[in-house]
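Okay, here's what each chain looks like letter by letter:
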Amino acid sequence: MRVEGPRAASRSPRAESREPRAVFDARYFAYATISALLVISPGATMAVVMETAIEEGRVAAMYTVLGVNIGNSTLALSSALGMSFVFTHWPWTLPLVKGGGAAYLAYLGFRGLWFSFRPRPAAPLEPAAPRTPADGRALPATDRTPTSRFGPRAAVARGVMTNLLNPPVILFYMTFLPQFIGPQDPFFGRFVVLAATHVSMSLVWLSIYATALGVLAERMTRPLVRRALEGVTGVLLVGFGVRLLLR
């Protein structure tokens with residue numbers, strides 16, 4: 001009768017290290033829970049989306065949400081490629097980013113305050129159905145829908161800049177996310193799953209938030225109420241900029 005020794009009965013550590021580890025384990029669900037709380041917590045990103053929705057409407061706000069998550073994806077890719085090396089070996093670069101983010105938020109806030117206090121004529125209502133002249137000529141200027149102060153590209157750029165210059169988001173990707181990647185995990189595979197989870201949560205939550213605010217803003221027909229809301233969001237953005245600078 002053949003008796004197996006302890007070496008045959010047990011697996012070697014090398015063999016165990018080659019076994020694939022579960023992606024959706026307890027660490028993943030802990031990360032997803034914390035990420036969800038961070039995504040829905042009020043901050044500079046939500047304030048920028050709010051200002052865009054109130055001033056420009058839900059379409060522009062959705063473009064800003066797209067830009068926010070392009071910024072998130074860019075930071076995630078930078079972190080995966082070793083961007084944290086820059087902040088570790090040149091720590092003075094993070095205060096530069098912080099100063100740039102604070103200045104950008106303050107710019108957006110003062111810009112919103114300027115537009116809220118500046119007198120402007122009320123925008124004409126859109127016609128119930130589009131009208132096309134029988135002779136094919138362009139509609140008169142009075143019959144056209146008023147355009148926003150900036151187009152889709154500027155709205156996307158606003159979202160991108162907001163998160164690329166936001167130190168809390170930078171630190172999330174550079175220091176917080178890598179803590180949930182173990183030494184035995186496939187680094188890039190695990191990193192992609194974790195980053196995609198955060199970006200997806202941000203995209204869904206901010207899209208719902210932007211749509212709700214845009215619909216609410218469209219129903220506010222009184223110019224005084226709209227201007228008051230624009231002023232409040234402007235003050236919030238300036239406050240977030242000051243808080244970011246003083247951290």
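Residues numbered from 1 in each chain as written. Predicted model: local features only at pLDDT ≥ 70, side-chain atom pairs only at ≥ 80, totals over all residues. Heavy atoms only, no water.

Quick look at the overall build of the protein now. Tallying secondary structure elements over the protein gives 11 helices and zero strands in all. Across the 247 residues of the protein, 38% fall into the buried class. Of all intrachain contacts in the protein linking residues separated by at least 6 positions in sequence, the fraction that spans at least 24 positions is 83%. Accessible area for the protein stands at about 15100 Å²; split by element, carbon and sulfur atoms hold 68% of it. (Helix = DSSP H or I, 4+ residues; strand = E, 2+ residues; numbered from the N terminus. Buried < 20%, exposed > 50% of the residue type's maximum accessible area, 1.4 Å probe, protein only. Contact = heavy atoms within 4.5 Å. Areas by Shrake-Rupley, 256 points an atom, 1.4 Å probe, with all protein chains shown as cover.)

With that settled, consider the confidence of the model for the protein. Mean pLDDT over the protein works out to 77, with 74% of the residues at or above the 70 mark. The secondary structure element of the protein with the lowest average pLDDT is helix α2 (residues 13–17), at 45, and the one with the highest is helix α5 (residues 58–80), at 94. Note that pLDDT drops below 50 for residues 12–19; the model gives that stretch three contacts with residues more than four away or on any other chain. When the criterion is pLDDT under 50, residues 122–131 qualifies, and its contacts beyond four places in sequence or with other chains add up to five contacts. (pLDDT = per-residue confidence, 0-100.)

Here we take up the pattern of salt bridges. Note that side chains of opposite charge can pair when their charged atoms are close. This structure, assessed with the given rule, holds four salt bridges. The salt bridge involving Arg27 is made with Asp25; its shortest N-O contact spans 3.0 Å. Note that Arg190 is salt-bridged to Asp25, the shortest N-O span being 3.2 Å. Placement of Arg190 in helix α10 (residues 187–218) and of Asp25 in the loop between α2 and α3 (26–40) is noted, with a sequence separation of 165 residues between them. Asp25 sits in the buried class, given a relative accessible area of 16%. What emerges from the salt-bridge pattern is a single network uniting Asp25, Arg27, Asp185 and Arg190. (Salt bridge = Lys/Arg side-chain N within 4 Å of Asp/Glu carboxyl O.)

On to a nonpolar patch on the surface. Together, Val59, Tyr63, Leu66 and Ile70 line one region of the surface with nonpolar side chains, adding up to about 340 Å² of accessible area. When you line up the elements, Tyr63 lands in helix α5. A residue is classified by how much of its surface remains accessible, and Tyr63, at 32% relative accessible area, is partly exposed. (Patch = residues over 30% accessible without salt bridge, like charges linked within 9 Å, V, L, I, M, F, W, Y side chains within 5 Å.)

Time to look at the packing of α3 against α10. Two quantities define a packed helix pair, namely the angle between the axes and the distance from one axis to the other. It is the contact of α3 with α10, at a shortest axis distance of 10 Å, that shows an interaxial angle of 30°. For the element pair α3 / α10, the angle class is roughly parallel. The two elements α3 and α10 cross, and the hand of that crossing is right-handed. Contact with α3, carried on its side by Arg27, Tyr28, Tyr31, Ala32, Ser35, Ala36, Val39 and Ile40, involves Arg190, Val193, Leu194, Ala195, Thr197, His198, Met201, Ser202 and Trp205 of α10 and no other residues of that element. Residues of the contact of α3 with α10, tallied by class, amount to 11 nonpolar, four polar and two charged. (Axes fitted to C-alpha atoms, helices over the stretch in contact; angles between N-to-C directions. Parallel < 35°, antiparallel > 145°, perpendicular 65-115°, else oblique. Left-handed = near helix turned anticlockwise from the far one by under 90°. Nonpolar A, V, L, I, M, F, W, Y, C, P; charged D, E, K, R; others polar.)

For the rest of this paragraph, the subject is α3. End to end, α3 covers 22 Å across 15 residues, agreeing with the expected 21 Å (1.5 Å per residue, within 8%). Looking only at α3, the buried set comprises Tyr28, Tyr31, Ala32, Ser35 and Val39. Along the axis of α3, the buried positions cluster into a sector of 100°, meaning they face one direction only. Pointing more than 90 degrees away from the buried face of α3 are the exposed residues Ala26 and Leu37. Check the buried side of α3 and you find it contacts α4 (44–56), α9 (167–176) and α10. (Expected span 1.5 Å × (residues − 1). Arc of directions from axis to C-beta.)

Let's shift gears to the nonpolar core. In terms of nonpolar packing, the biggest core is built from 21 residues, with Tyr31, Tyr173, Leu177, Phe191 and Leu194 touching the most fellow members. Among the elements of the structure, α3, α5, α9 and α10 are those that each provide at least two residues to this core. Considering each element in turn, this core owes the most residues, six residues, to α9. With residues near it in sequence (within four places) discarded, Leu194 still touches Tyr28, Tyr31, Leu177, Phe180 and Ile181. (Core = buried A, V, L, I, M, F, W, Y, C linked by side-chain atoms within 4.5 Å.)

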